[in-house]
Amino acid sequence: MVNEWTHLLFLTTTNFSTNPRLVKEVKLALGISSLVTVVMFRLGNWSDAKSESIASELKSLGNIAIIVLPANKPPLLTWILWGTLEKLSRWIYPLLGNSLHINALANSRRSFQIAGAVKKIDPKPSFICSHNLGTLYPAWRMSKKWHVPFIFDIEDYHPGELIHFDPTNEKHRREFLMKKVLPKATAITSASPLIGEYTMKLIGGHPQHQVILNSFSQGEFIEPPNQQINSSTNQLKLVWFSQKISFGRGLEQLFEALHLIAKEHSSTIESFNLTIIGDLDSDFESKVLDPLKDTIIWKHIHILPPMRQEELHKSLALYDVGLALEFDTADLNRQLCMTNKILAYAQAGLYILATDTPAQKQFIQQHEGTGLLCGQTAKGMSDGHLSLVKQQKAIESNRRKRFDKAQELAWEKDAVKLMLVWEKVKSLYKV
């Protein structure tokens, strides 16, 4: 049984607040292990305080040791040392491009900060669970040293992310690390079917690969009411949320779509009520939202501040349709990932209007009745909204059916899959 494991080690180059996927795994591990150790980073921003709060919660659930390394300046000498080594590795990379050591350090100095920190861990872990690309190299190295298995979790397709610094070389470094080290992992998990598919193609496959979605506990969502929630207003309540309400997230095209509807189908605009939830960027407000205030669509738009995850998920019961607005940009990872919002919409029983990126198209097609695809332009979104109006009665009446069907997406289901991965690792390594 998995509960015979005595010590599970988790590695991340971020922290609890910015890696909720890690938090779910740690909670699962605390239920079946005598000791859990987490190595993470202090990022020097808003996330640190929230991570400390999550750490306190985790400590109340079981025996956990948390090692926090500095990613920002203090202590100054350490920050200067690792920054210098990282830059030096990037400078000599063209000469030593086949060196795992140079690729790992040039990719992220945090790889070697982690490698140094885990050497002191005692007792040695039963297995290592590695999150984020910067942990791949140290996880493999310590796996060899301790003769224990390691699992790597692919939450993003790293070579396909939008890379701002030294993009050509950095893409090659990421591909090199994944090709060389990932096949050595005892097991691999990925956060979406397409991220898994692209990764398996890159590394030539892996016998122990499992998709584990970024879904949520079903208990975070409220069972929808039996009656139609908007029968008095006859409006479809639309919702969109993100950590930040800002540029490049599809809102500009969404507002254009609503303008088109108001212009070409003036009476239909009265059928919509749109709520946008998140931290409002002041520049976006002045440049995009303020001009809307003199238009007919403004009275149908409501802006709410960001909410805690639990509060947000419960509030979704107030709406009919969730908007998942992703685009085929230069960021391939955004095309392949399953966003938190599309899963939250589905688990809440909302109908989904989703732009037709590859991942969202696959999701809508595989979960019949969950939602509708639309084009990635203002015209495409306008057409999608008009289709929603035509289906309004069915959208409202089928909500309970969608909610019940979405139980298969709940984290509780994927947690079982993850436990089976851990069991398989145990049997393969005879831990």
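In what follows, the structure referred to is the one given above.
Residues numbered from 1 in each chain as written. Predicted model: local features only at pLDDT ≥ 70, side-chain atom pairs only at ≥ 80, totals over all residues. Heavy atoms only, no water.

Below, the discussion takes up the packing of aromatic side chains. Scanning the model with the defined rule gives eight aromatic pairs in all. For the ring pair F216 and F221, a centre distance of 6.3 Å and an interplane angle of 65° mean the geometry is edge-to-face. Consider the rings of F241 and Y345, whose centres lie 5.6 Å apart with planes at 80°: the pair is edge-to-face. With F241 in strand β8 (residues 236-245) and Y345 in helix α13 (residues 340-348), the pair connects residues that are 104 residues apart, well separated along the chain. According to the relative accessible area criterion, F241 is buried, its value standing at 10%. Over the ring of F216 we find K24, and its NZ or CZ is 5.6 Å from the ring centre. A cation sits over an aromatic face here: R110 above F41, 5.3 Å from the ring centre. (Phe/Tyr/Trp six-rings, centres within 6.5 Å; stacked < 30°, edge-to-face > 60°. Helix = DSSP H or I, 4+ residues; strand = E, 2+ residues; numbered from the N terminus. Buried < 20%, exposed > 50% of the residue type's maximum accessible area, 1.4 Å probe, protein only. Lys NZ or Arg CZ within 6 Å of the ring centre and 35° of its normal.)

Of note, L236 is situated in strand β8. Owing to a relative accessible area of 0%, L236 belongs among the buried residues under this scheme. C-alpha separation for the pair L236 and I395, spaced 159 residues apart in sequence, amounts to 9.1 Å.

The next point concerns the packing of helix α1 (residues 20-30) against helix α18 (residues 411-429). Running from N to C, α1 and α18 point in directions that differ by 65°, and their axes come no closer than 11 Å. For the pair α1 and α18, the sense of crossing is right-handed. For the pair α1 and α18, contact is made by K24, E25, L28 and A29 and by W411, A415, L418, M419 and W422, respectively. In terms of residue class, the contact of α1 with α18 is made up of seven nonpolar, no polar and two charged. (Axes fitted to C-alpha atoms, helices over the stretch in contact; angles between N-to-C directions. Left-handed = near helix turned anticlockwise from the far one by under 90°. Contact = heavy atoms within 4.5 Å. Nonpolar A, V, L, I, M, F, W, Y, C, P; charged D, E, K, R; others polar.)

What follows deals with the sheet that holds strand β11 (residues 321-324). On the basis of which strands lie adjacent, the open sheet formed by six strands has the order β10-β9-β8-β11-β12-β13 and parallel pairing. Since the sheet does not close on itself, it has two edges, and those belong to β10 (301-304) and β13 (371-374), each with one partner. Ignoring which end each strand starts from, the neighbouring axes of this sheet average 25° apart. With four bridges connecting them, strand β9 (residues 272-280) and β10 associate as parallel partners. The partner of I277 across the bridge, within β10, is L304. (Pairing = 2+ DSSP bridges.)

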